[in-house]
Amino acid sequence: MPGQTIRFNAFDMNCVGHQSPGLWAHPRDRSWRYKDLEYWQDLARTLERGIFDGIFIADVVGYYDVYKGSNWHALEQAAQIPVNDPLQLAAPIALATDHLGIGITASTSFEHPYTFARRLSTADHHTKGRIGWNIVTSYLESGARNVGQSGLQRHDNRYEVASEYVEVLYKLFEGSWEDGAVLRDRDRRIFTDPSKVHEIGHRGRHFTVPGYHLSEPSPQRTPVLYQAGASGPGKAFAATHAECVFVAAPLKAMLRAYVSDVRAKAVAAGRSAEDILIYNLTTVIVAETDEAAQRTFEDYQNYASYDGALVFMSGWSGIDFGQYAPTDLVKKVETNAIVSMVETFTADEKPWSIAELARWGGIGGIGPVFVGSPTTVADILQEWVEETGVDGFNLAYAVTPETFEDTVNLLVPELQRRGVYPKAYRPGTLREKLFGRGAYLPESHPAHGYRDIEAVKARETAGLAAAE
Ligand SMILES: Cc1cc2nc3c(=O)[nH]c(=O)nc-3n(C[C@H](O)[C@H](O)[C@H](O)COP(=O)(O)O)c2cc1C
């Protein structure tokens with residue numbers, strides 16, 4: 001549809017260089033300041049000035065030791081190690097801004113849902129309802145081993161665990177405390193009405209959580225749900241649960257197929273196609289003119305690290321690309337890491353070489369890189385939106401905060417001038433800003449079914465009795 005609104009998210013991580021390995025050495029890069037709260041607050045203010053939907057903070061528990069069988073190159077190039085906890089950035093960013101959404105990544109594979117539910121509710125309280133949760137199932141063996149597991153569970157099993165994990169969270173967020181449970185009635189000296197706080201009685205295959213949620217309901221109850229599943233089970237999970245979906249499609253045809261597939265699956269799951277916003281991972285290098293942008297891009301490329309890029313590609317795919325020569329071709333192989341990543345680079349008609357893969361991934365990860373003047377890049381983004389049905393772009397940086405500042409100062413005004421980019425935020429919580437309706441999940445979302453937890457428990461007990 002021509003003139004369709006374009007949305008931006010900033011893609012970042014509580015580490016150095018995020019998805020542009022080696023660019024930490026660029027004289028203008030400031031990502032090494034990731035340990036300073038002021039650095040995050042300044043960046044968040046810039047993004048809010050550019051009416052970004054949110055800052056989305058990726059995370060991995062574990063390190064990238066697939067490339068050449070060791071962690072050496074990851075450490076040397078600061079490829080997502082050192083990496084700090086993402087959730088602790090929520091409160092300081094919220095204090096520096098009024099509207100920006102704050103998407104936090106956390107895995108369903110490494111932390112018990114009961115303690116995580118309280119941490120997430122706390123953040124939703126502190127941000128007055130601006131929290132999103134990026135649900136990931138993880139792909140690094142090193143993470144699994146360091147939390148005491150014998151190894152990473154099989155890809156499909158991880159999604160099965162994730163389904164039960166979110167069920168526990170929905171029960172806690174939606175069902176445990178009724179609206180109106182907190183009275184704060186000074187006259188009667190009743191803070192909470194105990195009859196309105198319910199045990200969730202969860203007994204599943206992977207988790208047992210009999211009792212109450214520890215937090216009172218936060219502004220959104222369940223924070224906005226982000227997800228990036230791209231394999232068969234991953235897309236099914238996204239279509240069922242996600243409100244915002246991230247994808248990393250390097251080519252338009254791949255993106256078009258992904259968008260229509262996920263929307264069709266959402267409709268089949270009883271949701272509407274508009275219940276889901278889809279953002280494609282993209283890097284934009286913008287300057288006053290095409291020539292200046294190209295010069296900046298070439299300057300950045302001088303700092304990209306071949307080893308650093310293959311550290312990521314190997315970690316994401318589970319394939320050690322260090323064992324091949326740069327001219328060797330990427331082959332389709334079985335993997336237990338990110339299955340869809342291998343599918344992406346073997347689906348193209350012309351097979352990719354290892355060197356091409358490293359060069360492609362050297363700046364901004366797997367997504368496309370668009371270089372040019374504001375007019376050129378705006379034309380490309382509009383074309384992608386119109387031809388694929390994607391809602392927006394999850395913008396990675398080459399050099400930060402420069403990439404984001406250039407986007408906000410040059411590209412956003414051009415898109416606004418064309419009437420295809422928001423000029424102000426909607427009021428309310430993140431969910432209200434994104435979808436223009438209530439703060440809570442809509443009735444069409446599976447979480448809504450847990451609001452009457454006593455009815456859920458009765459159904460589960462009846463189901464168990466029937467099975468015996
Ligand atoms: C833009 C984007 C961001 C992602 N961020 C993370 C992340 O922060 N942590 C993580 O463990 N996985 C992350 N992933 C991986 C996804 O959670 C997912 O595993 C991947 O898209 C492949 O899908 P699959 O699990 O269905 O194979 C991200 C994926 C994309 C496309």
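Residues numbered from 1 in each chain as written. Predicted model: local features only at pLDDT ≥ 70, side-chain atom pairs only at ≥ 80, totals over all residues. Heavy atoms only, no water.

Student: Would you mind going over the overall build of the chain in detail, with residue names and values included?
Tutor: Helix and strand content of the chain: 16 helices and 13 strands. Over its C-alpha atoms the chain spans a radius of gyration of 22 Å, differing by no more than 12% from the 23 Å that the globule rule assigns to 468 residues. Oriented by its inertia axes, the alpha-carbon framework of the chain measures out at about 70 × 50 × 40 Å. The buried share of the chain, taken over its 468 residues, is 57%. Once local pairs closer than 6 in sequence are excluded, the contacts in the chain between residues at least 24 apart make up 77%. As presented, the chain carries roughly 19200 Å² of accessible surface, and 52% of it is formed by carbon and sulfur atoms. Side chains of the chain give 45 positive and 59 negative charges; the mean places of these two sets differ by 3 Å. (Helix = DSSP H or I, 4+ residues; strand = E, 2+ residues; numbered from the N terminus. Rg over C-alpha atoms; globule rule 2.2 N^0.38 Å. Buried < 20%, exposed > 50% of the residue type's maximum accessible area, 1.4 Å probe, protein only. Contact = heavy atoms within 4.5 Å. Areas by Shrake-Rupley, 256 points an atom, 1.4 Å probe, with all protein chains shown as cover. Lys, Arg positive; Asp, Glu negative; His and termini not counted. Charge placed at Lys NZ, Arg CZ, Asp CG, Glu CD.)

Student: Summarise the site of the ligand; cite the residues concerned and give the values.
Tutor: Of all residues adjacent to the ligand, which total 22 residues, the nearest are Asp-59, Tyr-159, Ala-228, Ala-230 and Ser-231. Taking Ala-230, its main chain carries an N or O atom lying 3.0 Å from an oxygen atom of the ligand. Contacts to the ligand include Ser-231, whose side-chain N or O atom sits 2.6 Å from an oxygen atom. Relative to its free-state accessible area of 610 Å², the ligand is covered by the protein chains to the extent of 92%. At the level of elements, strand S2 (54-58), strand S4 (131-136), helix H6 (155-176), strand S10 (244-247) and helix H11 (339-347) are the ones that each hand at least two residues to the shell around the ligand. Residue composition of the shell around the ligand, grouped by class: 13 nonpolar, eight polar and one charged. (Near = heavy atom within 4 Å. Polar contact = N/O pair within 3.5 Å; in protein donor to acceptor, adjacent residues only side chain to side chain. Nonpolar A, V, L, I, M, F, W, Y, C, P; charged D, E, K, R; others polar.)

Student: Before we move on, could you go through the packing of aromatic side chains and cite the residues and values that matter?
Tutor: Per the counting criterion, the structure on display carries 20 aromatic pairs. Taking the centre distance of 5.1 Å and the plane angle of 80° together, the rings of Tyr-39 and Trp-40 count as edge-to-face. This pair shows no difference in class: Tyr-39 is buried, exactly as Trp-40 is. Taken together, a centroid distance of 5.9 Å and an interplanar angle of 70° make the contact between Tyr-397 and Phe-404 edge-to-face. A single burial state applies to Tyr-397 and to Phe-404, both of which are buried. Every member of this aromatic cluster is reached through a ring pair, and the members are Phe-11, Phe-56, Tyr-226, Phe-246 and Tyr-279. (Phe/Tyr/Trp six-rings, centres within 6.5 Å; stacked < 30°, edge-to-face > 60°.)

Student: Got a sec to walk through the environment of Gln-294? Specific residues and values, please.
Tutor: Of note, Gln-294 is situated in helix H9 (residues 290-301). Taking relative accessible area as the criterion, Gln-294 reaches 34% and is therefore assigned partly exposed. In this structure the C-alpha to C-alpha distance between Gln-294 and Phe-370, which are 76 residues apart in sequence, comes to 9.9 Å.

Student: Which residues make up the pattern of salt bridges, and what values do they have?
Tutor: Scanning all chains against the criterion turns up 25 salt bridges. The residue Glu-383 makes a salt bridge to Lys-252 at a minimum N-O spacing of 2.6 Å. Within this pair, whereas Glu-383 is found in helix H13 (residues 374-388), its partner Lys-252 is found in helix H8 (residues 252-268), the two being separated by 131 residues in sequence. Among the ionic pairs, Lys-457 bridges to Glu-454, the shortest N-O distance being 3.3 Å. Remark: Glu-454 and Lys-457 occur in helix H16 (residues 453-467); sequence separation between them is three residues, near one turn of the helix. One connected set of salt bridges, linked through shared partners, spans Glu-174, Asp-179, Arg-221 and Arg-451. (Salt bridge = Lys/Arg side-chain N within 4 Å of Asp/Glu carboxyl O.)

Student: An account of the side chain of Ser-142 is requested, with residue identities and associated values reported.
Tutor: Along the chain, Ser-142 turns up in helix H5 (residues 141-146). A polar atom in the side chain of Ser-142 sits 2.7 Å from the backbone nitrogen of Tyr-63. Residues within four places of Ser-142 in sequence aside, it is in contact with Gly-62, Tyr-63 and Asp-65.

Student: Hey, could you go over the environment of Gln-227 for me, with residue numbers and the actual values?
Tutor: Examined against the element boundaries, Gln-227 turns out to sit in strand S9 (residues 224-227). Taking the C-alpha atoms as reference points, Gln-227 and Ala-239, twelve residues apart in sequence, are found 9.4 Å from one another. Beyond its immediate stretch of four places on either side in the chain, Gln-227 contacts Asn-134, Ile-135, Tyr-159, Gly-234, Phe-237, Ala-238, Ala-242, Cys-244, Val-245 and Phe-246.

Student: Residue-level account of the packing of H6 against H16, with values.
Tutor: Each pair of packed helices can be described by the angle between their axes along with the distance between the axes. Interhelical geometry of H6 versus H16 gives an angle of 140° and a closest axis separation of 10 Å. One way to sum up the angle between H6 and H16 is to call them oblique. Between H6 and H16, the residues in contact are Glu-167, Lys-171 and Gly-175 and Ile-453, Val-456 and Glu-460, respectively. Of the residues belonging to the contact of H6 with H16, the class tally is two nonpolar, one polar and three charged. (Axes fitted to C-alpha atoms, helices over the stretch in contact; angles between N-to-C directions. Parallel < 35°, antiparallel > 145°, perpendicular 65-115°, else oblique.)

Student: An account of H8 is needed here, citing residue identities and associated values.
Tutor: The periodicity of an α-helix, 3.6 residues per turn, causes residues three or four places apart in sequence to face the same way. A rise of 1.5 Å per residue sets the reference length of H8, with its 17 residues, at 24 Å; its end C-alpha atoms lie 24 Å apart and thus fit the reference within 8%. Three or more residues of H8 are buried, namely Lys-252, Leu-255, Tyr-258, Val-259, Val-262, Arg-263 and Ala-266. Around the axis of H8, the buried residues are gathered within 125° of arc, so they sit on the same side. In H8, those exposed residues whose orientation departs by more than 90 degrees from the buried face are Ala-253 and Ala-268. Each element contacted by the buried residues of H8 is listed here: helix H7 (232-241), S10, strand S11 (277-286) and H13. One or two positions beyond H8, positive phi appears at Gly-270, with a value near 90°. (Expected span 1.5 Å × (residues − 1). Arc of directions from axis to C-beta.)

Student: Any details on the layout of surface pockets? Residues and values, ideally.
Tutor: In this structure, the second largest pocket occupies an estimated 360 Å³ of space. Taken together, 17 residues line the second largest pocket, and the ones lying closest to its centre are Gln-4, Glu-274, Ile-276, Leu-277 and Asp-391. Mapped onto the lining of the second largest pocket, the elements with two or more residues apiece are H13 and helix H15 (430-435). When grouped by side-chain class, the residues that make up the lining of the second largest pocket number seven nonpolar, three polar and seven charged. (1 Å grid on protein atoms, 1.4 Å probe; cavity = no way out; pocket = protein on both sides within 12 Å on 5 of 7 lines; lining within 4 Å. Points joined across faces, edges and corners; volume = space filled by probe spheres on them.)

Student: Break down the nonpolar core for me, citing the residues and quoting the values.
Tutor: The tendency in soluble globular proteins is for nonpolar side chains to be buried side by side. Formed by 85 residues in total, the largest nonpolar core has its most connected members in Phe-8, Phe-52, Ile-55, Trp-133 and Leu-381. Examining the composition of this core, we find that ten residues originate from one element, H6, more than from any other. Every residue in contact with Phe-8, bar those within four places of it in the chain, is listed here: Phe-52, Asp-53, Gly-54, Leu-381, Phe-393, Leu-395, Thr-407, Leu-411, Val-412, Leu-415 and Tyr-421. Phe-11, Phe-246, Ala-358 and Ala-396 belong to the second largest nonpolar core, which has 38 residues in total. (Core = buried A, V, L, I, M, F, W, Y, C linked by side-chain atoms within 4.5 Å.)

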